[in-house]
Amino acid sequence: MRSILIFCLAALFIGCGIKGIPYSKDTDATELNDVAISHYKWGLAYAKQGELARAATEFKLAIQHEPGWAIPYFNLGAVYGNMGALDEAILAWERAVQLDVDFGKAHYNLAVAYSHRVADPVEGISRVADIEKAIRSLQEAIRIDDTVRSTAEAEHAFDIIRDLPDFQALFQSTEPK
C-alpha cells in the first residue's frame, strides 16, 4: 500500500497543474470556471500541507463546479489513496479516465490500485477481475506513454501479478498494445 501512496502523492504534485477542458457540462464554455479553479488550487495547497480531508473537500467542490474536468478527479484519487481509502481512489481515477481516455497517470494509478486490491482482496470483489483491470489499466498507461514500462518494472505493487503471462506480455513487445 505504501508504494501507491508515495506514487499518488508524487503524481499529485507533478504534471497535474491546471489544464483546460474542451467543454463544461453546465455551459458551452471552453475555459474552466474560476470557482472550480480556486477550489482546485486550494485542494492542491491543502494536500501539500498534509490536510488531506480538506484537500478532498476542495477537489470535490472543484468537481461540482466543473464535472467534466478530469484533473480534480485524479487528484481526489491521490488524496483518497493517501488516506488509505483505496476503493474511493479507484472510483475517482475511473472517472478521470472516463473523462480523459488518454490520462496515462490515472490509468497507471488504477493499475497500481487494482494490484493492491489483488494483494489485499475486498469481500465481494473478484481477485480475477482486479487482476484483469490492473493489467488492462497498465496496458492503457503504456499505450499512452511507453516510458511507463520501466516504471512498472520496478513497481512493487505489481509483484503479485508480475509472473502472470498477460503481465509479462506487456514487457515482451516494444510496441504499445
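Before any of the text, the structure's been laid out above.
Because the structure is a prediction, the values reported are computed rather than measured. (Residues numbered from 1 in each chain as written. Predicted model: local features only at pLDDT ≥ 70, side-chain atom pairs only at ≥ 80, totals over all residues. Heavy atoms only, no water.)

## What about the packing of helix H7 (residues 127-144) against helix H9 (residues 165-172)?
Each pair of packed helices can be described by the angle between their axes along with the distance between the axes.
Consideration 1: Where H7 meets H9, the axes come as close as 10 Å, and the angle between the chain directions of the two elements is 10°. Considering the angle they form, H7 stands roughly parallel to H9. Residues Ile-135, Leu-138, Gln-139 and Ile-142 of H7 pack against Asp-166, Phe-167, Leu-170 and Phe-171 of H9. (Axes fitted to C-alpha atoms, helices over the stretch in contact; angles between N-to-C directions. Helix = DSSP H or I, 4+ residues; strand = E, 2+ residues; numbered from the N terminus. Parallel < 35°, antiparallel > 145°, perpendicular 65-115°, else oblique. Contact = heavy atoms within 4.5 Å.)

## Comments concerning the pattern of salt bridges
Consideration 1: A complete count under the given rule lists 7 salt bridges for this structure.
Consideration 2: Taking the shortest distance from any N to any O, the salt bridge between Asp-102 and Arg-143 comes out at 2.8 Å. Taken as a pair, Asp-102 in the loop between helix H5 (86-99) and helix H6 (104-119) and Arg-143 in helix H7 lie far apart in primary sequence, 41 residues in all.
Consideration 3: On the basis of relative accessibility, which here comes to 44%, the residue Asp-102 falls in the partly exposed class.
Consideration 4: By relative accessible area, which is 33% here, Arg-143 ends up partly exposed. (Salt bridge = Lys/Arg side-chain N within 4 Å of Asp/Glu carboxyl O. Buried < 20%, exposed > 50% of the residue type's maximum accessible area, 1.4 Å probe, protein only.)

## What to know about the packing of aromatic side chains
Consideration 1: Counted according to the given criterion, the structure contains 6 aromatic pairs.
Consideration 2: Their ring planes at 45° and their centres at 5.0 Å tell us that Phe-167 and Phe-171 sit as a pair that is tilted. A residue pair is termed a helical-turn pair when its members lie 3 or 4 positions apart in one helix, as Phe-167 and Phe-171 do in helix H9 at 4 residues.
Consideration 3: Residue classification places Phe-167 among the buried positions, given a relative accessible area of 1%.
Consideration 4: Looking at Arg-95, its charged tip hangs above the ring of Tyr-73, at a distance of 5.9 Å from the centre. (Phe/Tyr/Trp six-rings, centres within 6.5 Å; stacked < 30°, edge-to-face > 60°. Lys NZ or Arg CZ within 6 Å of the ring centre and 35° of its normal.)

## Side note on helix H2 (residues 34-48)
Consideration 1: With 15 residues, H2 should reach 21 Å at 1.5 Å per residue; the first-to-last C-alpha distance of 21 Å fits that figure.
Consideration 2: When H2 is considered as a whole, its buried residues turn out to be Ala-36, Ile-37, His-39, Tyr-40, Gly-43, Leu-44, Tyr-46 and Ala-47.
Consideration 3: Sitting at the head of H2, Asn-33 places a side-chain oxygen 2.6 Å from the backbone nitrogen of Val-35.
Consideration 4: Remark: Gly-50 follows H2 within two positions and exhibits a positive phi of approximately 80°. (Expected span 1.5 Å × (residues − 1). Polar contact = N/O pair within 3.5 Å; in protein donor to acceptor, adjacent residues only side chain to side chain.)

## Some words on the environment of Tyr-73
Consideration 1: With respect to the helices and strands, Tyr-73 occurs in helix H4 (residues 70-83).
Consideration 2: The exposure class assigned to Tyr-73 is buried, which follows from its relative accessible area of 14%.
Consideration 3: Between the alpha carbons of Tyr-73 and Leu-99 there is a distance of 9.4 Å; along the sequence they are 26 residues apart.
Consideration 4: Leave out the neighbours within four places in its chain, and Tyr-73 touches Ile-63, Pro-67, Ala-92, Trp-93, Arg-95, Ala-96 and Leu-99.

## Quick word on the nonpolar core
Consideration 1: Trp-69, Tyr-108, Leu-138 and Phe-158 are the most contacted members of the largest nonpolar core, which has 50 residues in total.
Consideration 2: Those elements that place two or more of their residues in this core are H2, helix H3 (52-65), H4, H5, H6, H7, helix H8 (148-154) and H9.
Consideration 3: What Phe-158 contacts, discounting residues up to four positions off in sequence, is Tyr-108, Ala-111, Val-112, Ser-115, Leu-138, Ala-152 and Phe-167. (Core = buried A, V, L, I, M, F, W, Y, C linked by side-chain atoms within 4.5 Å.)

## A closer look at H7
Consideration 1: With 18 residues, H7 should cover 26 Å at 1.5 Å per step; its first-to-last C-alpha distance of 26 Å lies within 8% of that length.
Consideration 2: Buried residues in H7 make contact with H6, H8 and H9.
Consideration 3: Between the side-chain oxygen of the N-cap and the backbone nitrogen of Val-128 there are 3.1 Å, and the N-cap of H7 in question is Ser-126.

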